[in-house]
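# Close look at the chain arrangement
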Amino acid sequence: MSTSLLALVPVALLFIVSGLCFVGCILNTEGYGVGDEKPKPFTTYTNDDILANPDCIAYWPLNDSTMQTTAIDAAGKAKGDPHNGEYKSKDTHPTLFPCPAFTVDPAGPLDSAFAPGDLTIGAPGIVPGDTNSPFNDPNAPTSAMNANGGFVTVPANSVVNPGTFTVECWVRPEWDVTASPAYRTIIDSRNQGGGLFFGFVIFVNQGGEWEAQLGGTGAGNFAIVPGGSAALSAASHVVLTCDGTKAALFINGAEAGSASLPGGSSFAPNTAAPLVIGVGAPYLPERTQPSDNNFFPLLPFNGTIQCVAIYNVVLDASVIETHFNHGSGKPDPAG
């Protein structure tokens, strides 16, 4: 065999072997992550679902700096008309606390749990799909408000109390399973006049179930909307819608209950009392000393609240489901 042929043999063998290897690599990709890449988690819930919606009239992410007392309304701020709230706790407003363990209505009964007035701003977030910009890292979720009697109060105004609306939030109840039954309020925007209630409230009731109430203009005055059992220590997406005569409560993307206002009446918005997040009964006089019982605040929540939004429309059920999925970090399914 000539020298030239001897030189060509290794080259030919190399070509054949490399070709076989190339084919082998194509035929044996299973287990190497090629072609089966998992969808990336959704990370921009605040920007893409809340603030991008033109019907969002107020949005309190409750992820503010631990050094501030203002709960920023991000939607109002973007539109040049913010309806900011104020964080209040035993440290900033000691005369309001503690909230007493108190039977508000013996005929009900309507019980209020004891709460010292604790409030943590910058607590670990409970919305996986809501991450810090600009990096949008799924391992860096935005923070939240954790409260045991502490709360946010937003001054009374008509903008955040429309006649047709959707209220959306994320909540994690954190009281002990052995705690005494009580109403624990997430959001309360009610006022009272002539023995009637106006506006809306969302809470966990004494039976440990999600519940909303809405005041109307006619006989009977208010509707009760059931929402099913509230899981302790679990984050839930809670949405209340009202078209003016009928209301529905959605839990984790699905409708859990609905009710119509009685007597053919229509929803009557709160026009006088502040909107509060984390406690209830904003229509009562403020407590001035710890011995005051039937005074604001009452019905305190114990747990974490984040991403509270109000829209001046009824969000479609499919949109609510998408918000739940995105807030949970779930991407849209492939088309």
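Residues numbered from 1 in each chain as written. Predicted model: local features only at pLDDT ≥ 70, side-chain atom pairs only at ≥ 80, totals over all residues. Heavy atoms only, no water.

### Some remarks on the pattern of salt bridges
Under the convention used in this document: The term salt bridge refers to a pairing of a side-chain nitrogen on Lys or Arg with a carboxyl oxygen on Asp or Glu at a separation within 4 Å. Where helices and strands are cited, they refer to DSSP runs of H or I of at least four residues and of E of at least two residues respectively, numbered from the N terminus. Three labels apply to residues, based on accessible area from a 1.4 Å probe with only protein chains included: buried if under 20% of the type maximum, exposed if over 50%, partly exposed otherwise in between.
Tallied over the entire structure, the rule returns three salt bridges. Between Asp-118 and Lys-90 there is a salt bridge, with the nearest N and O atoms lying 2.8 Å from each other. Separated by 28 residues along the polypeptide, Asp-118 in strand S6 (residues 118–123) and Lys-90 in the loop between strand S3 (85–88) and strand S4 (102–105) bring together distant segments of the chain. Overall, Asp-118 belongs to the partly exposed group, its relative accessible area being 30%. What makes Lys-90 partly exposed here is its relative accessible area of 35%. The partner of Arg-172 in a salt bridge is Glu-174, and the shortest N-O contact between them spans 2.8 Å. Look at Glu-174 and you get partly exposed, because its relative accessible area is 27%.

### Concerning helix H4 (residues 317–327)
Here is the rule we go by: Any pair of residues with heavy atoms lying within 4.5 Å of one another is described as a contacting pair.
The set of residues buried in H4 consists of Ile-320, His-323, Phe-324, His-326 and Gly-327. On its buried face, H4 sits against helix H2 (45–51), strand S9 (165–173), strand S14 (236–242), strand S15 (246–251) and strand S18 (302–311). With its phi angle positive at about 85 degrees, Gly-329 sits one or two positions after the end of H4.

### Thoughts on the nonpolar core
One broad trend across soluble globular proteins is that nonpolar side chains are buried collectively. Heads up, the rule is: Here the nonpolar core consists of buried residues drawn from Ala, Val, Leu, Ile, Met, Phe, Trp, Tyr and Cys, with membership extended through side-chain atoms lying within 4.5 Å.
Residues Trp-60, Leu-62 and Leu-214 are the most contacted members of the largest nonpolar core, which totals 44 residues. Residue contributions to this core peak at four residues, all from S9. Sequence-distant contacts of Leu-62, that is, excluding residues within four places in its chain, are made with Ala-71, Tyr-87, Ser-143, Ala-144, Met-145, Val-152, Ile-277, Ile-305, Gln-306 and Val-308.

### Let's talk about the side chain of Ser-265
The following threshold applies: Here a polar contact means two N or O atoms within 3.5 Å. Within protein one must be a hydrogen donor candidate and the other an acceptor candidate, and residues neighboring in sequence count only if both atoms are side-chain atoms.
When you line up the elements, Ser-265 lands in the loop between strand S16 (254–260) and strand S17 (275–277). A polar contact is formed between the side chain of Ser-265 and the backbone oxygen of Pro-262, at a distance of 2.8 Å. Not counting chain neighbours up to four residues away, the residues in contact with Ser-265 comprise Gly-216, Thr-217, Gly-218 and Thr-245.

### Side note on the sheet that holds strand S10 (residues 184–193)
Paired through their backbone hydrogen bonds, the strands of a sheet run either parallel or antiparallel. Test applied: Being paired, for any two strands, means DSSP has found at least two bridges between them.
Spatial strand order, S2-S3-S8-S17-S10-S11-S12-S13: eight strands in an open sheet with antiparallel pairing. With one partner strand each, in any of the chains shown, strand S2 (70–71) and strand S13 (222–229) form the two edges of the open sheet.

### Examining the pairing of S4
Of the strand pairs in this sheet, S4 and strand S5 (residues 110–112) are connected by three bridges, and their pairing is antiparallel. Paired with Asp-105 across the two strands is Leu-110, which belongs to S5. The turn joining S4 and S5, which pair antiparallel and follow one another in sequence, is formed by four residues.

### Concerning the layout of surface pockets
Applied cut-off: The way it works is a 1 Å grid over only the protein atoms, where trapped points that fit a 1.4 Å probe form a cavity and open points with protein on both sides within 12 Å along at least five of seven lines form a pocket, and then any residue with an atom within 4 Å of a point lines it. Grid points are joined across faces, edges and corners, and a volume is the space filled by probe spheres set on the points.
Approximately 310 Å³ is the volume attributed to the largest pocket. Every residue lining the largest pocket is counted, 16 residues in all, and those nearest its centre are Val-104, Leu-110, Arg-190, Phe-197 and Tyr-283. Elements with a minimum of two residues in the lining of the largest pocket: S4, S10 and strand S11 (196–204).

### Structural notes on the confidence of the model for the chain
So the rule is basically this: pLDDT is a per-residue confidence score from the predictor, ranging from 0 to 100.
When pLDDT is averaged along the chain, the result is 88; 88% of the residues meet or exceed 70. Every residue in residues 1–35 is under pLDDT 50, and counting partners more than four places away or in other chains gives three contacts.

### Comments concerning empty space enclosed by the protein
Short version of the rule: Put simply, Ala, Val, Leu, Ile, Met, Phe, Trp, Tyr, Cys and Pro go in the nonpolar bin, Asp, Glu, Lys and Arg in the charged bin, and everything else, Gly too, in the polar bin.
Enumeration over the complete set of coordinates arrives at one cavity of 30 Å³ or more. Taken as a whole, the largest cavity encloses approximately 40 Å³ of empty space. What lines the largest cavity is Arg-190, Phe-197, Gly-199, Gln-213, Leu-214, Gly-215 and Phe-222. When contributions to the lining of the largest cavity are tallied by element, the ones reaching two or more residues are S11 and strand S12 (209–215). Of the residues forming the lining of the largest cavity, the biggest block, three residues, is contributed by S12. The class makeup of the residues in the lining of the largest cavity is three nonpolar, three polar and one charged.

### Brief notes about the packing of aromatic side chains
Each aromatic ring pair is described using two quantities: the centre-to-centre distance and the angle formed by the ring planes. Note the following rule: A pair of aromatic rings is counted whenever rings of Phe, Tyr or Trp (Trp by its six-membered ring) have centres within 6.5 Å, and the orientation is called stacked for planes under 30 degrees apart, edge-to-face for over 60 and tilted otherwise.
Inspection of every chain in the model, using the stated rule, returns nine aromatic pairs. Pairing Phe-151 with Phe-296 gives two aromatic rings, centres 5.2 Å apart and planes at 80 degrees, and the pair type is edge-to-face. With Phe-151 in strand S8 (residues 151–154) and Phe-296 in the loop between S17 and S18, this residue pair connects regions lying 145 residues apart in the sequence. Of the two residues, Phe-151 and Phe-296, neither departs from the other in class, the shared state being buried. Relative to Phe-301, the ring of Trp-175 lies with its centre 5.6 Å away and its plane at 85 degrees, an arrangement referred to as edge-to-face.

### A closer look at the pairing of S9
Counting buried positions along S9 gives eight out of nine residues, so the element sits mostly inside the fold. Two strands pair when backbone bridges link them, and S9 and S14 are joined in this way by seven bridges, in the antiparallel orientation. The residue of S14 that forms the bridge with Phe-165 is Cys-242. Bridge count for S9 against S18 is seven bridges, and the pairing is antiparallel. In the strand pairing of S18, Trp-170 is matched with Gln-306.

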